[in-house]
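Tertiary structure, described
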Amino acid sequence: MSTTVAPVDALLVIDMQNSFCHPDGVMYDATGAPMFEIGETVKATAEAVAAARAAKVPVVFTRHQYQAGHADFGPLFPQFCDLLRAQQGLLAGTWDVDVIDELEFSPHDLVVDKARLDAFFNTSLDTLLHSMGVTRIAAAGVITNACVETSVRAAAMRDYDVTVLSDCTTSSHEQHRAMSLECLEAYHIASVRPFSADLFAQ
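Presented here is a report on the structure given in the accompanying data block. Within every chain, residues take consecutive numbers counted from 1 along the sequence as written. Only residues with pLDDT of at least 70 are given local features in this predicted model, and only at 80 or more are side-chain atom pairs given and counted; all residues enter the totals for whole chains, interfaces and linings. For the side-chain quantities, the full set of heavy atoms in the structure was used; hydrogens and water were omitted.

1. Describing the overall build of the chain
Helix and strand definitions follow DSSP, with helices as H or I runs of at least four residues and strands as E runs of at least two, each counted in order from the N terminus. For the chain, the helix and strand inventory stands at 7 helices and 6 strands. If you list the helices and strands of the chain from N to C, you get β-α-α-α-β-α-β-α-β-α-β-α-β. Taken over C-alpha atoms, the radius of gyration is set against a globule rule of 2.2 Å times the number of residues to the power 0.38. In terms of C-alpha radius of gyration, the chain reaches 16 Å, essentially the compact-globule figure of 17 Å for 202 residues. Projected onto the principal axes, the alpha-carbon positions of the chain cover approximately 45 × 35 × 30 Å. The buried share of the chain, reckoned over its 202 residues, is 50%. Residues are treated as being in contact if the distance between any of their heavy atoms lies within 4.5 Å. When contacts within the chain are restricted to residue pairs at least 6 apart in sequence, long-range pairs at least 24 apart make up 78% of them. A total of about 9,400 Å² of accessible surface is found on the chain, and carbon and sulfur atoms cover 54% of it. Remark: exposure states derive from per-residue accessible area (1.4 Å probe, protein chains only) relative to the maximum for the residue type, with buried under 20%, exposed over 50%, and partly exposed in between. Residue burial considers only the protein chains on display, and all accessible areas are found by Shrake-Rupley using a 1.4 Å probe.

The following block contains the structure:
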């Protein structure tokens, strides 16, 4: 794993929502309850968010959510479709899609809503980052081998320099998390390192 410290311009927190991270969330059990070391992941991510804010580094949250009736769900992950519709999971405007309380999300925070694994697909994320002059991103969130990896790859394809915070991301299985992080770094798609406050040094 890389140990090089390269200060970043923004922290991207991917899908740290009640649905995935809270025991009462609709997707909590469906993705494997609980996700590997989810408590430690939440704590480390909260520390990263607090450090970024203290350093006045922009924090951008993504929320995975769907419109009424899950009309924009699409064909991917059919195994979750019936569950989400039956329990009104990941519906826009509900508690299920809210960012977890531990991250102290507020209405004044930057947020990008998405309906696909890729946080850049059909969203304003690229425009938002470019408008703030961001070229170097630190990424945190869930699920490592799904929305996190897909979004990190999409960022790299748009020429962002990405660092994935290894202790601020997790998956249903430890192996999936490890394999995802290994592939991202092996192909130089992203640097991978644990969070430390010097990442936000200006």
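We are not done yet, so read on.
2. Let's talk about helix 4 (residues 78-87)
In an α-helix, one turn spans 3.6 residues, which is why side chains three or four residues apart end up on the same side. Inspection of helix 4 places Phe80, Cys81 and Leu84 among the buried residues, and these make up the whole buried set. Across the axial projection of helix 4, the buried residues extend over an arc of 120°, all falling on one side. Among the exposed residues of helix 4, those oriented more than 90 degrees off its buried face are Gln79, Asp82 and Ala86. Looking one or two residues beyond helix 4, the residue adopting positive phi is glutamine 88, at roughly 55°. Along the arc lie the directions from the helix axis toward the C-beta atoms.

3. Considering the side chain of threonine 144
In this structure, threonine 144 sits in helix 6 (residues 144-157). What qualifies as a polar contact is a pair of N or O atoms within 3.5 Å, subject to a donor-acceptor requirement within protein and to the restriction that residues adjacent in sequence count only when both atoms come from side chains. A polar contact is formed between the side chain of threonine 144 and the side chain of threonine 169, at a distance of 2.8 Å.

4. Concerning the layout of surface pockets
Taken as a whole, the largest pocket encloses approximately 430 Å³ of empty space. Elements with a contribution of two residues or more to the lining of the largest pocket: helix 2 (26-30), helix 4 and helix 6. Note on residue classes: Ala, Val, Leu, Ile, Met, Phe, Trp, Tyr, Cys and Pro are nonpolar, Asp, Glu, Lys and Arg are charged, and everything else, Gly too, is polar. Grouping the amino acids of the lining of the largest pocket by side-chain chemistry returns 16 nonpolar, 7 polar and 2 charged. In the cavity and pocket records, a cavity denotes points on a 1 Å grid over the protein atoms alone where a 1.4 Å probe fits but cannot get out, a pocket denotes an open set with protein on both sides within 12 Å along at least 5 of 7 lines, and lining residues are residues with an atom within 4 Å of a point. Grid points are joined across faces, edges and corners, and a volume is the space filled by probe spheres set on the points.

5. What to know about the packing of aromatic side chains
Think of a pair of aromatic rings as described by two things: how far the centres are apart, and how the planes are tilted against each other in angle. Pairing of aromatic rings covers Phe, Tyr and Trp, the last through its six-membered ring, and needs centres within 6.5 Å; plane angles under 30 degrees mean stacked, over 60 mean edge-to-face, and all others mean tilted. Evaluated as defined, the whole model comprises 5 aromatic pairs. Centroid distance phenylalanine 61 to phenylalanine 105: 5.1 Å. Interplanar angle 85°. Geometry classified as edge-to-face. Of the two residues, phenylalanine 61 sits in strand 2 (residues 59-64) while phenylalanine 105 sits in the loop between helix 4 and strand 3 (110-114), which places them 44 residues apart along the sequence. Judged by relative accessible area, phenylalanine 61 falls into the buried class, the value being 1%. The exposure class assigned to phenylalanine 105 is partly exposed, which follows from its relative accessible area of 26%.

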